[in-house]
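Architecture and fold: a report
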Amino acid sequence: MGDLYRMSGPDPIARFRQERDELFRSHPQSPVEPGERAEFKGLRYFPHDAAYRVQARFEPADGSELLIDTGGEDGAVRYRRAGRLLFELGGSPCRLTVLSLIQYAGGLFVPFRDTTSGRETYGGGRYLFDTAKNTDGLVLEITPGSSDVVIDFNFAYNASCAYSPRWACPLAPPENYLTVPVRAGEQTYKD
């Protein structure tokens, strides 16, 4: 999946969506149930909206730990609060905690929920990026030596557990709930 976030060209979002659909349709590890893949017509997305590509400031956090229950056999996953992304959406100040994975290979992770969660988008929230899975290339632009970053919610995607109960996923913690609607990125899989 990480290669999808390393695209360039005139319309990387359209290409990302097209290749993500093909991955879900044909990859043996697809989270779409095997019996549904032949009928799979693609994921649902909000229209691309440049207003959801925002300038943010990164602030270091206190490094405190957080356990996120996956709801599956894996149990809880341990993270450390690495920092916060501070930005505005629709004129409202927002912030998301950037989590650092303590277990496995490490990496930064930003799950979030917003006022569309459970209605237009998956109820457990979506992922903005997960560096352990290389899903940060187009979503996150970092200026070396600066605390300024650009984040793009048009690439927000559902966790694998949104498609099948076979998957267990860490979901957005309460501190990563945005009180504004984020009508960008992936929508619910099914009505």
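Definitions and cut-offs
- Residues numbered from 1 in each chain as written.
- Predicted model: local features only at pLDDT ≥ 70, side-chain atom pairs only at ≥ 80, totals over all residues.
- Heavy atoms only, no water.
- Helix = DSSP H or I, 4+ residues; strand = E, 2+ residues; numbered from the N terminus.
- Buried < 20%, exposed > 50% of the residue type's maximum accessible area, 1.4 Å probe, protein only.
- Contact = heavy atoms within 4.5 Å.
- Areas by Shrake-Rupley, 256 points an atom, 1.4 Å probe, with all protein chains shown as cover.
- Phe/Tyr/Trp six-rings, centres within 6.5 Å; stacked < 30°, edge-to-face > 60°.
- Core = buried A, V, L, I, M, F, W, Y, C linked by side-chain atoms within 4.5 Å.
- Salt bridge = Lys/Arg side-chain N within 4 Å of Asp/Glu carboxyl O.
- Pairing = 2+ DSSP bridges.
- Lys, Arg positive; Asp, Glu negative; His and termini not counted.
- Polar contact = N/O pair within 3.5 Å; in protein donor to acceptor, adjacent residues only side chain to side chain.
- pLDDT = per-residue confidence, 0-100.

**Some words on the overall build of the protein**
Tallying secondary structure elements over the protein gives one helix and nine strands in all. For the protein, the α and β elements follow one another from N to C terminus as α-β-β-β-β-β-β-β-β-β. Looking at the protein as a whole, 46% of its 191 residues qualify as buried. Considering only intrachain contacts with a sequence separation of at least 6, the fraction spanning at least 24 residues in the protein is 61%. On the protein, roughly 9,500 Å² of surface is accessible, and the fraction owed to carbon and sulfur atoms is 50%.

**Looking at the packing of aromatic side chains**
Summed over all chains, the structure comprises 10 aromatic pairs. An angle of 85° between the planes, with centres 5.6 Å apart, marks the rings of Y127 and Y157 as edge-to-face. On the criterion of sequence distance, the pair formed by Y127 in strand β6 (residues 126-130) and Y157 in strand β9 (residues 157-158) is long-range, its members being 30 residues apart. Overall, the relative accessible area of 4% leaves Y157 in the buried class. Taken together, the ring pairs connect F24, F40, Y163 and Y189 into an aromatic cluster.

**Describing the nonpolar core**
Judged by nonpolar contacts, the single largest core of 21 residues is most densely connected at F87, L89, I151, F153 and L178. Those elements that provide at least two residues to this core are β1 (53-60), β3 (76-89), β4 (92-101), β5 (108-112), β6 and β8 (148-152). Sequence-distant contacts of F87, defined by excluding residues within four places in its chain, comprise V54, Q55, A56, S92, P93, C94, R95, L96, I151, F153 and L178.

**Overview of the pattern of salt bridges**
Applying the stated rule across the entire model yields 12 salt bridges. Linking E65 and R78 is a salt bridge whose minimum nitrogen-to-oxygen distance equals 3.1 Å. Taken together, the residues E65 in strand β2 (residues 65-69) and R78 in strand β3 connect sequence positions 13 residues apart. A cluster of three or more residues bridged by salt bridges with shared partners is formed by R57, E59 and R84.

**Considering the pairing of β3**
Pairing analysis gives four bridges linking β1 to β3, with the strands arranged antiparallel. Considered in β3, the bridge of E59 is made with R84. Examined bridge by bridge, β2 and β3 share five bridges and lie antiparallel to one another. Looking at β3, one finds that E65 is bridged to R80. From the end of β3 to the start of β4, which pair antiparallel, there are two residues, and G90 there has a positive phi angle of about 55°.

**Observations concerning the side chain of D21**
Tracing the sequence through the fold places D21 in helix α1 (residues 12-26). Notably, D21 is buried but unbridged: the nearest opposite-charge side chain belongs to R25, and the N-O separation is 5.1 Å. Engagement of the side chain of D21 in a polar contact is seen with the backbone nitrogen of L43, the distance being 2.9 Å. Once residues within four sequence positions are removed from consideration, D21 is found in contact with F40, G42, L43 and Y45.

**Describing the confidence of the model for the protein**
Close inspection of predicted coordinates is inappropriate in any region flagged by low pLDDT. Of the residues in the protein, 83% have a pLDDT of 70 or more, and the chain-wide mean is 85. Confidence over residues 1-7 falls short of pLDDT 50; this stretch has 28 contacts with residues more than four positions distant or in other chains. Counted against residues more than four places away or in other chains, residues 134-138, with its pLDDT under 50, gives 22 contacts.

**Some points on the environment of R17**
Looking at where R17 falls in the secondary structure, it is placed in helix α1. Residue classification places R17 among the buried residues on the basis of a relative accessible area of 13%. Between the alpha carbons of R17 and G42 there is a distance of 8.7 Å; along the sequence they are 25 residues apart. If sequence neighbours within four positions are ignored, R17 has contacts with Y45, F46, H48, N154 and G185. In this structure the side chain of R17 is engaged in a polar contact, spanning 3.0 Å, whose partner is the backbone oxygen of F46.

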